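In case you want the letters, here they are:
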Amino acid sequence: MNWLDPSTILTRLLPQIHPLPSAGGSAAPAGSAVSDSGGLTLPEGTWGFVFRTWLAASLTLLLCFYLQLEYPATAIVTTIIIAQPVVGMVLSKAIYRFIGTIIGANVALIMAGAFVQDRTMMLTAFTLWIGLCAAIGTLLRDFRSYAAVLSGYTVAIIAIAHIDSPLHIFDAAVARVSAISIAILSTTVVNELFSSHHAWTDVQRAIKLNVAGIKLQLRQTLDEGSRPDVLRRFSLASTLMPLRSQLTYAAPELSDGKLRMAGARSVILALFDMASVNQGLALGLGELREKRIFITEAIAIARKGLDQSYPEHFRPDLTKLIRRQLTAGDLTLEEAFVLDRLDRLFEQYAFLRDGMRAMRLGHRPIRDVSLPVHQDPMTVFLNTVRVVLAVGLTCLFCVLSGWPETSFALVNTVSFIALGAVSSTPILTGRAALIGYPLGVCTATLGYFFLIPSITGFPLLMVVVFPFIALSCILIAIGQSQMGMLSGMVFFLLTNPDNPQTYNPQQFLDHAILLVVGGVTVYISLWLALPVSLSRRILRVAFALGDDLHAMLRGDVSITEENEVSIQYDRWSQIHGYAQARKMTLGRRNLLEQFAAMGDLSILIRRAEVALARASIPSALRMQAQGALFSLDPQALRQAAEELLAHSKRHPDLHHFTILRTAASLYSITLQLRKAERFLRHFKLYESWASRPESESPSAALPPQSGGSGLTPQPLA
């Protein structure tokens with residue numbers, strides 16, 4: 001067997017390991033890398049990725065040798081760390097790596113100046129600092145999280161590694177920043193010149209696929225009245241929310257990236273709203289006792305819109321039909337709800353088309369949304385404690401062991417512990433360290449003792465290291481990004497390419513042993529230090545749903561309707577990720593139904609508050625609707641909705657569409673209350689809030705609209 005062949009190695013390794021999340025937040029399943037015949041099937045563009053990384057590493061090392069930098073290994077390790085198959089991901093990670101390095105270098109100099117005489121205080125301050133960085137990294141997403149953690153362990157690389165020679169700390173900081181700058185510059189130039197795989201192309205493709213999927217679900221609902229499956233809805237959330245990360249990768253690729261990203265965010269929010277409309281339509285159609293002619297006409301109008309390139313052109317036909325029925329006074333509450341859902345569907349069509357146009361042309365969209373995500377304070381606290389404990393115990397072990405050069409092991413171990421602790425699955429990071437460190441030691445042993453000594457000249461050096469860079473890149477390309485990064489990083493740390501090249505077998509052996517021990521330490525630390533419990537994370541999401549409803553019923557108007565939709569779908573995305581780790585049973589499916597109902601209820605209550613604030617209605621009717629909304633009493637909500645619909649029939653003016661939407665919003669809450677009753681009673685949300693004065697209600701904080709027929713799309717918050 002030719003053990004230098006990456007395909008042979010990977011074919012044997014992959015069936016024994018789990019897929020690990022890539023830097024972009026997604027993971028390629030391990031099974032996709034191994035074909036049915038037992039051979040290796042690499043993703044498209046893998047060898048181009050390998051060539052670009054190798055070329056960037058060659059250029060980086062050449063510049064380091066030419067400029068006679070002190071730490072060329074740091075530069076080439078940076079090239080491996082920021083290596084990604086997509087050029088946008090490379091640029092984004094390079095930017096945040098530079099930011100994190102600058103912050104960490106400054107903090108290292110401050111700590112060195114403050115605690116130069118006291119090692120214990122320096123290690124304590126470093127442990128607290130990296131814990132703070134872990135907390136910030138937990139709150140952030142994408143490579144911003146990586147930058148936060150990097151600023152933490154950069155202090156270890158600069159200050160802790162030179163704790164015995166504090167006078168060299170400033171020189172080490174300058175050398176590290178210089179080496180990383182050279183690596184970032186080289187990698188950026190190579191990827192801009194040779195890369196054909198752009199993150200923006202992936203974003204466009206993913207959005208078009210999801211638009212087609214949503215339209216297919218809407219067709220099924222309109223044609224057959226079928227209800228969307230909860231797993232499909234959660235799967236949609238887990239597909240669309242990661243696009244938020246992809247947008248940050250695509251922005252550096254485009255000169256007008258900010259405007260195009262704003263359009264993409266508007267499209268994602270429109271897709272979320274269309275999925276919610278689809279759910280409401282299915283419930284509403286199921287409540288109809290009979291489907292009268294005008295309902296069939298309205299569905300036919302919506303159906304035509306689905307099949308046209310400009311669906312918003314059919315909205316005036318639906319508006320005319322609704323106005324006709326309101327004027328005639330021949331409209332039940334169930335029928336009004338279905339018509340309002342169809343009207344809202346056309347509203348989202350307009351937002352969708354505007355966002356797609358902004359993505360294509362780079363103009364400013366009608367609305368600019370931020371797509372906020374769910375934040376779990378307990379996860380932030382646990383990750384902070386996890387990092388502080390693991391790093392503190394590692395520092396204590398290195399001090400008490402008395403081994404020579406333990407700072408080398410401390411730096412490399414601490415950095416990976418910090419990165420793993422803020423991930424959603426730390427144990428997978430531990431497994432990557434358990435395999436990646438020994439794999440890097442093995443490849444470095446081959447190169448250091450058998451290949452590099454037999455060559456002379458820079459060109460031959462880069463030819464020799466090509467297979468090892470290729471191995472790292474292939475692992476990254478198939479989803480094993482942490483393992484690939486580790487193997488390449490360890491290879492260059494141990495071989496330590498320099499000009500002239502020096503050989504110290506004893507130092508190599510010491511460092512290799514320390515790195516292998518470090519891999520075991522990372523695994524044990526991430527396994528034992530407050531291990532992650534998926535059940536507890538799901539429970540905290542459930543409590544967050546209950547807290548949201550409590551806050552809304554207390555009058556909290558700090559979260560807009562758009563933000564509420566984004567947060568709920570991010571929660572569903574997280575729940576879907578947790579649920580995939582276990583076998584789906586009937587009980588777990590029912591639990592997902594309850595989570596969906598609670599999330600929908602939060603969105604609907606917020607929409608009802610906004611609609612009620614905008615509706616031009618008598619104060620007595622407003623107070624009745626507010627009392628029903630705050631009490632979550634289904635009978636009171638239905639009665640208030642009936643009164644609003646009757647008022648809309650009696651006053652067919654410019655405001656009757658707003659009043660119709662308010663009535664439909666209250667009625668939609670009654671439908672969700674049936675599904676979420678068990679959770680509501682558990683969270684004690686069946687409380688009477690009707691006694692509160694109107695000045696304290698959430699709708700009092702929002703000014704009513706002075707006019708408008710609801711025919712043009714307007715941001716609802």
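Residues numbered from 1 in each chain as written. Predicted model: local features only at pLDDT ≥ 70, side-chain atom pairs only at ≥ 80, totals over all residues. Heavy atoms only, no water.

## A short note on the nonpolar core
Then, number 1: Counting 197 residues, the largest nonpolar core has Phe 126, Leu 342, Phe 595, Leu 666 and Ile 669 as the members making the most contacts within it.
Then, number 2: It is helix α10 (residues 257–287) that contributes the most residues to this core, 14 residues altogether.
Then, number 3: Apart from the residues lying within four places of it in its own chain, the contact partners of Phe 126 are Met 111, Gly 152, Tyr 153, Val 155, Ala 156, Ile 160, Val 391 and Val 414.
Then, number 4: One finds Ala 432, Leu 439, Leu 471 and Leu 475 within the second-largest nonpolar core, a separate group that totals 6 residues. (Core = buried A, V, L, I, M, F, W, Y, C linked by side-chain atoms within 4.5 Å. Buried < 20%, exposed > 50% of the residue type's maximum accessible area, 1.4 Å probe, protein only. Helix = DSSP H or I, 4+ residues; strand = E, 2+ residues; numbered from the N terminus. Contact = heavy atoms within 4.5 Å.)

## Observations concerning the packing of aromatic side chains
Then, number 1: Counted under the stated rule, the structure contains 18 aromatic pairs.
Then, number 2: The interplanar angle of 25° and the centroid separation of 5.7 Å between the aromatic rings of Phe 234 and Trp 572 together place this pair among those described as stacked. Taken together, the positions of Phe 234 in helix α9 (residues 230–250) and Trp 572 in helix α21 (residues 561–579) put the pair 338 residues apart, joining distant regions of the chain. Of the two residues, Phe 234 and Trp 572, both sit in the buried class. (Phe/Tyr/Trp six-rings, centres within 6.5 Å; stacked < 30°, edge-to-face > 60°.)

## Description of the side chain of Asp 376
Then, number 1: Structurally, the position occupied by Asp 376 is in the loop between α13 (333–361) and α14 (377–401).
Then, number 2: What makes Asp 376 buried here is its relative accessible area of 16%.

## As for the confidence of the model for the protein
Then, number 1: Mean pLDDT over the protein stands at 83; residues scoring 70 or higher make up 88%.
Then, number 2: Per-element confidence in the protein is highest for helix α2 (residues 46–67), whose mean pLDDT is 95, and lowest for helix α1 (residues 6–13), whose mean pLDDT is 36.
Then, number 3: Here residues 34–38 scores under 50 on pLDDT; set against residues more than four positions off or in separate chains, the count is 4 contacts.
Then, number 4: Low pLDDT (under 50) marks residues 687–717, which in the prediction has 75 contacts with non-local residues, meaning those over four places away or in another chain. (pLDDT = per-residue confidence, 0-100.)

## Details of the packing of helix α8 (residues 199–224) against α9
Then, number 1: Orientation of α8 relative to α9, taken along the N-to-C sense of each, is 155°, at an axis distance of 10 Å. With respect to α9, the element α8 is oriented roughly antiparallel. Between α8 and α9 lies a crossing of left-handed hand. Contacts between α8 and α9 involve Ala 199, Trp 200, Val 203, Ala 206, Ile 207, Asn 210, Ile 214, Gln 217 and Gln 220 on the former and, on the latter, Arg 232, Leu 236, Thr 239, Leu 240, Leu 243, Gln 246, Leu 247, Tyr 249 and Ala 250. (Axes fitted to C-alpha atoms, helices over the stretch in contact; angles between N-to-C directions. Parallel < 35°, antiparallel > 145°, perpendicular 65-115°, else oblique. Left-handed = near helix turned anticlockwise from the far one by under 90°.)

## As for unusual backbone geometry
Then, number 1: Each neighbour pair has its own omega, and for Asn 499 with Pro 500 the value is 5°, a cis peptide bond.
Then, number 2: Within the element layout of this structure, Pro 500 appears in the loop between α18 (481–495) and α19 (505–528).
Then, number 3: For Gln 68, which is not a glycine, the phi torsion comes out positive at approximately 55°.
Then, number 4: Topologically, Gln 68 is positioned in the loop between α2 and α3 (72–81).
Then, number 5: Relative accessible area serves as the criterion here: at 70%, Gln 68 is assigned to the exposed category.
Then, number 6: The backbone of Asp 142 shows a phi angle near 65°, a positive value even though the residue is not glycine.
Then, number 7: The class for Asp 142 is buried, based on a relative accessible area of 15%.

## Digging into α14
Then, number 1: In this model, α14 (25 residues) spans 36 Å end to end at C-alpha, consistent with the 36 Å of a helix rising 1.5 Å per residue.
Then, number 2: Turning to α14, its buried residues number three or more, namely Thr 379, Val 380, Asn 383, Arg 386, Val 387, Ala 390, Val 391, Thr 394, Cys 395 and Cys 398.
Then, number 3: For α14, the secondary structure elements touched by its buried residues are α5 (119–139), α15 (406–421), α19 and α20 (534–553).
Then, number 4: Where α14 begins, one side-chain oxygen reaches toward the backbone nitrogen of Met 378, 3.2 Å away; that side chain belongs to Asp 376. (Expected span 1.5 Å × (residues − 1). Polar contact = N/O pair within 3.5 Å; in protein donor to acceptor, adjacent residues only side chain to side chain.)

## Quick word on the side chain of Asp 340
Then, number 1: Locating Asp 340 in the fold gives a position in helix α13.
Then, number 2: Judged by its relative accessible area of 3%, Asp 340 is buried.
Then, number 3: Beyond its immediate stretch of four places on either side in the chain, Asp 340 contacts Arg 661 and Ala 664.

## Some points on the environment of Tyr 146
Then, number 1: Locating Tyr 146 in the fold gives a position in helix α6 (residues 142–158).
Then, number 2: Considered as a pair, Tyr 146 and Leu 419 are 273 residues apart in the sequence and their alpha carbons are 7.3 Å apart.
Then, number 3: For Tyr 146, the residues in contact, after removing those within four places along its chain, are Ile 81, Lys 93, Arg 97, Tyr 153 and Leu 419.
Then, number 4: A distance of 2.6 Å separates polar atoms of two side chains, one belonging to Tyr 146 and the other to Arg 97.

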